[in-house]
Amino acid sequence: MSSQSSFGSLDPRLQNDLTDVEMDTLAVRAGHMRTPEAEHAEAIFPTSSFVFSSAQEAATRFASAEGNIYSRFTNPTVRAFEQRIAALEGAERAVATASGMAAIMSLTCGMLEQGDHIVCSRSVFGSTISFFDKYLAKFGITTTYVDPKDFAAWKEAVTPTTRLFFIETPSNPLAEIVDVPALADIAHAAGVKLVVDNCFLTPALQQPLAMGADIIIHSATKYLDGQGRCIGGVVVGNHDDMEKVFAFLRTAGPSMSPFNAWVFLKGLETLKLRMEAQSAAALELATWLEAHPKVSRVYYSGLESHPQHALARKQQKAFGGVLAFEVQGGQAQAWKVIDSTRLISITGNLGDTRTTITHPATTTHGKMSAEARAQAGIADSLIRISVGLEALDDIKRDINRGLELI
Ligand SMILES: *Cc1c(COP(=O)(O)O)cnc(C)c1O
């Protein structure tokens, strides 16, 4: 990892030497370039712009676009976050954005041209579909949606103008798993890049680039922060692709704030511990729910009953903190369970240390027609849970209170 600092001279011993260190060390130390103050933790740089020692230096800096100029382009705290997430994903470069959706916008607007085509899993985040269909389509970029597990459908959807395949694995909320190496092969045979939204597992549990994917996007809002404090996002990939994404970002401006970058740096330090603990708790909760008489079905790739459990085991280190289940009955029974909780937060957000509960059919997937929902497998009796770090017995008791009433 480069230890080039933009802060002038500092004893090299005071910079982190990250040669040949492991991922756990990168999560805590990558990206931090100490200033001459030799601060221990990362500093926040709440500054809109940076000053130059002369007109000549300003001209040189603007011409090269390297180094600090203006915080819409880059900022030392934001850069530290970018370097840390790139290190964790095993990528050449990361570009931080104001939100997960800003990451998807910067990726597509930076890399695609009018007339280009995307093939997208039909099981992706709702705003991703809205952005592709309502906004990219206005500018002549079209999207075809396919069943993510149906490789024949991916192949058939490719046209001469297809540039990107876009997936989430596991999907939300039904935990469908996409075989990343197999889909990467199909993409590359067609001259297409594979983009993975790695929000649900994070690099702590799944590294798509090492499996053949070309680009990763994250909503940092979820597990990278992990504590429900900030909105942010990031795009990760090779230098050439990220230069295109960055060129869009620095012009259009959906940049990450330095304060948020600092919060995300703190979040990354505990990412692995949280992901492991939340995955273990989710597996235990899923197993308990599967045996519950009021529960008709559980969706979690860690369960042996999951149809793609073997694939999940192969490409993931664990199964993540999000699960979904159907209760006996319909919407009324699902709402009863949700409304009977006293501890769990009723919210659409996920990836927090606090357990959250949501009814997808009337919230995250509420804009879909009943028919489209049925086709996507989102039942009215479905409940999604993002397991936090509370004592699991307290969470089980909170869910059981409503289950006993239906
Ligand atoms: C939340 C989410 C996004 C969007 O991220 P924001 O930070 O809310 O803009 C994208 N993809 C997935 C899978 C998400 O859960």
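About the thresholds
Residues numbered from 1 in each chain as written. Predicted model: local features only at pLDDT ≥ 70, side-chain atom pairs only at ≥ 80, totals over all residues. Heavy atoms only, no water. Domains from an automatic or database assignment. Contact = heavy atoms within 4.5 Å. Buried area = accessible area lost by both parts, 1.4 Å probe. Salt bridge = Lys/Arg side-chain N within 4 Å of Asp/Glu carboxyl O. Polar contact = N/O pair within 3.5 Å; in protein donor to acceptor, adjacent residues only side chain to side chain. Helix = DSSP H or I, 4+ residues; strand = E, 2+ residues; numbered from the N terminus. Axes fitted to C-alpha atoms, helices over the stretch in contact; angles between N-to-C directions. Parallel < 35°, antiparallel > 145°, perpendicular 65-115°, else oblique. Nonpolar A, V, L, I, M, F, W, Y, C, P; charged D, E, K, R; others polar. Near = heavy atom within 4 Å. Areas by Shrake-Rupley, 256 points an atom, 1.4 Å probe, with all protein chains shown as cover. Pairing = 2+ DSSP bridges. Buried < 20%, exposed > 50% of the residue type's maximum accessible area, 1.4 Å probe, protein only. Core = buried A, V, L, I, M, F, W, Y, C linked by side-chain atoms within 4.5 Å. Left-handed = near helix turned anticlockwise from the far one by under 90°.

Colleague: I'm lost on the domain arrangement of the protein in this one. Help?
Modeller: Interfaces are often sized by the accessible area lost when the parts come together. When the domains of the protein are assigned, the result is domain 1 (4-269) and domain 2 (272-403). Each of domain 1 and domain 2 has a C-alpha centre, and these two points are 28 Å apart. Taken together, the 32 residues of domain 1 in the interface contact 34 residues of domain 2. Across the domain 1/domain 2 interface, buried area totals approximately 2700 Å², and carbon plus sulfur atoms make up 56% of it. A per-residue breakdown of the area domain 1 buries against domain 2 is headed by Leu 174, Leu 205 and Tyr 223, which together make up 27% of the total. For the interface between domain 1 and domain 2, the tally reads one salt bridge. Counting the contacts that link domain 1 with domain 2 gives twelve residue pairs in polar contact (both at pLDDT 80 or more). When residues of the side of domain 1 that touches domain 2 are traced back to their parent elements, those giving at least two are helix H7 (180-189), helix H8 (202-205) and helix H10 (258-269). Examining the composition of the side of domain 1 that touches domain 2, we find that four residues originate from one element, H8, more than from any other.

Colleague: Whenever I open this one, the packing of helix H4 (residues 100-111) against helix H9 (residues 239-252) confuses me. Can you help?
Modeller: Describing two packed helices takes the angle between their axes plus the distance from one axis to the other. Running from N to C, H4 and H9 cross one another at 105 degrees; their axes reach a closest spacing of 8 Å. With respect to H9, the element H4 is oriented roughly perpendicular. From H4, Met 105, Ser 106, Leu 107, Cys 109, Gly 110 and Met 111 reach across to H9, where they touch Asp 241, Lys 244, Val 245, Phe 248 and Leu 249. Of the residues assigned to the contact of H4 with H9, the class counts are seven nonpolar, two polar and two charged.

Colleague: Sorry if this is basic, but what is going on with the site of the ligand here?
Modeller: Around the ligand, the neighbouring residues are Ser 99, Gly 100, Met 101, Phe 125, Glu 168, Asp 197, Cys 199, Phe 200, Ser 219, Thr 221, Lys 222 and Gly 232. Contact distances for the ligand include 2.9 Å between an oxygen atom and a backbone N or O atom of Gly 100. In this structure, Met 101 approaches the ligand through a main-chain N or O atom, which is 2.9 Å from an oxygen atom. In the complex, 92% of the free accessible area of the ligand, which totals 380 Å², lies under the protein chains. Class assignment of the residues belonging to the shell around the ligand gives a composition of four nonpolar, five polar and three charged.

Colleague: Looking at this model, I keep getting lost on the environment of His 239. Mind explaining?
Modeller: On the secondary structure map, His 239 appears in helix H9. Put simply, His 239 and Ala 91 are 148 residues apart on the chain and 8.8 Å apart in space, counted from C-alpha to C-alpha. In contact with His 239, not counting residues within four places along its chain, are Glu 92 and Arg 93.

Colleague: Hey, could you run me through the sheet that holds strand E12 (residues 382-386) in this one?
Modeller: The strands that make up a sheet pair up through hydrogen bonds in the backbone, lying either parallel or antiparallel. On the basis of which strands lie adjacent, the open sheet formed by five strands has the order E8-E9-E12-E11-E10 and mixed pairing. Single-partner strands in this sheet number two, and they are strand E8 (295-299) and strand E10 (345-346). Pairing between E8 and strand E9 (residues 322-327): four bridges, direction antiparallel. Bridged to Arg 297 within E9 is Glu 326.

Colleague: Quick question: what am I supposed to make of the pattern of salt bridges here?
Modeller: The final tally for this structure, using the stated rule, is 17 salt bridges. Here Glu 57 ties to Arg 61 by a salt bridge, and the two come within 2.5 Å at their closest N and O atoms. Remark: Arg 61 and Glu 57 occur in helix H2 (residues 55-64); sequence separation between them is four residues, near one turn of the helix. With its nearest N and O atoms 3.8 Å apart, the salt bridge here joins Arg 122 to Glu 176. Placement of Arg 122 in the loop between strand E2 (117-121) and helix H5 (126-135) and of Glu 176 in the loop between strand E4 (162-168) and H7 is noted, with a sequence separation of 54 residues between them. What makes Arg 122 partly exposed here is its relative accessible area of 30%. Each of Glu 42, Arg 84, Lys 266 and Glu 269 takes part in salt bridges that share partners, so that together they form one network.

Colleague: Mind showing me how you'd approach the pairing of strand E6 (residues 215-219) here?
Modeller: The two faces of a sheet get side chains in turn, since along a regular strand they alternate between them. Most of E6 is tucked away: five of the five residues are buried. Across the two faces of E6 the burial is the same, with Ile 215, Ile 217 and Ser 219 and Ile 216 and His 218 all buried. Bridge count between strand E5 (residues 193-197) and E6: three bridges; the pairing is parallel. Looking at E6, one finds that Asp 197 is bridged to Ile 217. In this structure, E6 lies alongside strand E7 (residues 233-237), joined through four bridges in antiparallel fashion. Across the sheet, the residue bridging to Ile 216 is Val 236, located in E7.

Colleague: Even after reading the chapter, I still don't get the nonpolar core, so can you show me in this structure?
Modeller: Across soluble globular proteins, you tend to see nonpolar side chains buried next to one another. The biggest cluster of nonpolar side chains holds 38 residues, and the ones touching the most others in it are Phe 81 and Leu 224. Among the elements of the structure, helix H1 (23-29), helix H3 (76-89), strand E1 (93-97), H8, E7, H10 and helix H11 (271-290) are those that each provide at least two residues to this core. For this core, the leading source of residues is H3, giving seven residues. For Phe 81, the contacting residues outside a window of four places in its chain are Ala 96, Ala 220, Leu 224, Gly 233, Val 234, Met 256, Ala 261, Phe 264, Leu 265 and Leu 268. Counting 28 residues, the second-largest nonpolar core is a separate cluster that includes Ile 177, Val 295, Leu 303 and Ile 383.

Colleague: Any chance you could explain the packing of H4 against H5 here in plain terms?
Modeller: Direction vectors running N to C along H4 and H5 enclose 35 degrees, while the axes themselves pass 10 Å from each other. As H4 runs across H5, the sense of the crossing is right-handed. Side by side, H4 and H5 meet where Met 101, Ile 104, Met 105, Thr 108 and Cys 109 of the first sit next to Ser 127, Thr 128, Phe 131 and Phe 132 of the second. Class assignment of the residues belonging to the contact of H4 with H5 gives a composition of six nonpolar, three polar and no charged.

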